[in-house]
Structures are given as structure tokens and as C-alpha cells.
Amino acid sequence: MDWIISDELGLTVGHLVGWGAAGAMIIGGIAPYIPQYRQIKKTQDAEGFSLYVCLTLLIANTLRILFWFGKRYEIPLLLQSIVMNVTMFIMIHLCVNVRKKNQIIRARERIFTGTIFMLYILLCCINGSAQPDETARWLGQQSGVTGGEKPRRFYDMDRKYFWAWTDFQSYVDCMLVFSVLGAAITYLLIEVSPFVEFIGFLAVFTEAMLGAPQIIKNHQNKSTEGMSVSMVIMWTCGDVFKTAYYVIREAPTQFWVCGGLQVMLDIVILLQVWWFRHNTAAARRLRRGD
């Protein structure tokens, strides 16, 4: 029997532990990004941190929010997704600003143009189908292209430049389009149980692959410089706690299975830290002739 702390309030040790765990789930998810944020802010260098980490979490948490409407899970997990999305936009805002400041030669601006096409489709639905010439003229006006000028900004839809835009608003617009389309599809198929389960699996599987972009970034750089090791350690501790929470609270199976996968990727990143630092130290000893 739980020890009664207050008869009037009916509080028990079990209640306090449950509230503490819920609070840790909501706020604890953003803790790993605090040291990474501070490191980028201090060094004014964002090259060691992969923005695809932010993309992965934004997609995963947006899908998890949509999943809640089809299959209600615990409110703390829903709040965690909302808080995490806000945190990711804060990280993106910092990285975009830092990269702009570090440009020696001002590069051509690249923006997300998907919103323009979405607005045009909505206009077509309201006003009826438009002629091809009208389409080209309208898109040209929205993208700042006039006459026979080449529509440079539409090249930003190229996969090469996806999620590598030069303004923060483009990232917001991209996720807005994704959220609206996802919400529309979910609304239409909310009664289809396999679809709802698939959304839940896709959400937690995407989150489980969180470490993959950083693993690729570290491999490409042949270094973990610029990446906060504290962030990865906190990732690992948080993911272990989160997976245990899923199991204890009997969350949907998709949650704890993918939580275990996430822990494995965290361990791979920690092994990368050891490996690259070991190689760097060995190279230094070799140069000194030790």
C-alpha cells in the first residue's frame, strides 16, 4: 500500500512518482539539445550538427500528434511531441543565423517553394482550373520572376537543396505543408484501423532513426568535432528511460520496440566519438614520433 502523504489531497508516493515521470517525459526530451545549442552559440559554428536531426524529430513528432487523434495515448507523450517541435524550430533558427554570419561570399538565397504550389492548387479549387499560361505567370509573380527571366528559386525543390535553405521561414513553411497534408489524409482515413496503426509505427520508427543523420554527418566529416558529446550521452540516458517508461506504462508496442532501436543508434554515435578521437590521438603521436 502506498504511503499516504496527505489525506486531504489524497497524494501518494505513486502519484508523485507518476507526475515526476510524466514531467520528465515532457521536459526531459529537450535537455540534450541545451548543450548543443550552447556550443553552437559559443563557437558560432553549426557545421558539426546535422539539421536532418531536426527534420527527423519534426516529422516523427508531427506524425505522433496525428496518431493521437486516431488512438489516444497518454497526454504527457502528446505534450512531449509539441514541446519537441518548438525546440527543433529554435535549433534550426540558430543554425540558419550562424551559417548566414559565417558566409564569406554571399551565396544565392534558396527558399522552400512548396507553399507556392499549395496556394496555387487552393486557388484552382476556388476559382476553377486555370490555363497553363496563367499558371506560369502566377507562379512567376509569386517567385519574383518576371518576363523571360529564368525562375531560379524553383531550383530549391531539387533534392540537393532540400532542407538546406537559407531562411528560417522556409523550414516553417515546409513543416506547415507536411502537417496540413498529413492532417487532411488522417482526417479522411481516421476510421481505418490499419492506417492509424501505420501512422503510429511510422512516427516512432522515424524518431528511432534520429541518430542516423548524425552518424552520417560524423562519417562524412571523419570527425565528431562540433557535435556535443553531452547531447549524445543525454540522448542515450533519455532513450533508455523513455523505453522503460513505454514498457511500464504499456504504451503501444510500436513505441517500445523503436525505443530500443533508438538506444542502439545512440551507442553507435558514442562508438564514433571514441573511434575518431582515438584515430586523432594516434595521428598526433605519429607526427611527434612517439
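### Structural notes on the pattern of salt bridges
Taken as a whole, this structure holds three salt bridges when the rule is applied. Among the salt bridges present, the one from Arg64 reaches Glu207, with a minimum N-O distance of 3.4 Å. Remark: Glu207 occurs in helix 8 (residues 193-208) and Arg64 occurs in helix 3 (residues 51-70); sequence separation between them is 143 residues. Note on accessibility: Arg64 and Glu207 belong to one class, buried.

### As for the packing of aromatic side chains
Within this structure, the stated rule accounts for 10 aromatic pairs. Between Phe201 and Phe205, the ring centres sit 5.6 Å apart and the planes meet at 15°, which makes this aromatic pair stacked. Taken as a pair, Phe201 and Phe205 lie in helix 8 at a separation of four residues, close to a single helical turn. Counting every residue linked through ring pairs, the aromatic cluster contains Phe162, Trp163, Trp165 and Tyr171. The side chain of Arg72 reaches across the aromatic face of Trp68, ending 4.0 Å from its centre.

### What to know about the nonpolar core
In this structure, Tyr33, Phe49 and Trp163 are the most contacted members of the largest nonpolar core, which totals 34 residues. Secondary structure elements with two or more residues in this core: helix 2 (33-43), helix 3, helix 4 (75-101), helix 7 (168-188), helix 10 (229-248) and helix 11 (253-288). Considering every element that reaches this core, the biggest residue donor is helix 4, with eight residues. Residues Tyr73, Phe195, Ala251 and Cys258 belong to the second largest nonpolar core, which totals 17 residues.

### Details of helix 10
When the terminal C-alpha atoms of helix 10 are compared, their 29 Å separation across 20 residues agrees well with the 28 Å that a helix rising 1.5 Å per residue should span. Looking one or two residues past helix 10, Glu250 carries a phi angle of roughly 55°, positive in sign.

### Points about the side chain of Asp266
Secondary-structure assignment places Asp266 in helix 11. When its relative accessible area of 1% is taken as the criterion, Asp266 is described as buried. Once residues lying within four places of it in the same chain are set aside, the contact partners of Asp266 are Val232, Trp235, Thr236 and Asp239.

### A look at unusual backbone geometry
One non-glycine residue, Gln44, lies in the positive phi region at around 55°. Position of Gln44 relative to the elements: it lies in the loop between helix 2 and helix 3. At Trp163, a residue that is not glycine, the phi angle is positive and equals roughly 60°. Here Trp163 lies in the loop between helix 6 (132-142) and helix 7. Overall, Trp163 belongs to the buried group, its relative accessible area being 2%.

### Things to note about a nonpolar patch on the surface
Residues Ile75, Leu79, Ile82, Val86 and Ile90 make up a contiguous nonpolar surface patch of roughly 410 Å² in combined accessible area. Along the chain, Ile90 falls in helix 4. With a relative accessible area of 44%, Ile90 lands in the partly exposed category.

### A look at the environment of Gly29
As for its position among the elements, Gly29 is in the loop between helix 1 (13-28) and helix 2. Linking Gly29 and Gln80, residues 51 residues apart in sequence, is a C-alpha distance of 7.2 Å.

Here is what the cut-offs are and how they apply
- Residues numbered from 1 in each chain as written.
- Predicted model: local features only at pLDDT ≥ 70, side-chain atom pairs only at ≥ 80, totals over all residues.
- Heavy atoms only, no water.
- Salt bridge = Lys/Arg side-chain N within 4 Å of Asp/Glu carboxyl O.
- Helix = DSSP H or I, 4+ residues; strand = E, 2+ residues; numbered from the N terminus.
- Buried < 20%, exposed > 50% of the residue type's maximum accessible area, 1.4 Å probe, protein only.
- Phe/Tyr/Trp six-rings, centres within 6.5 Å; stacked < 30°, edge-to-face > 60°.
- Lys NZ or Arg CZ within 6 Å of the ring centre and 35° of its normal.
- Core = buried A, V, L, I, M, F, W, Y, C linked by side-chain atoms within 4.5 Å.
- Expected span 1.5 Å × (residues − 1).
- Contact = heavy atoms within 4.5 Å.
- Patch = residues over 30% accessible without salt bridge, like charges linked within 9 Å, V, L, I, M, F, W, Y side chains within 5 Å.
- Areas by Shrake-Rupley, 256 points an atom, 1.4 Å probe, with all protein chains shown as cover.

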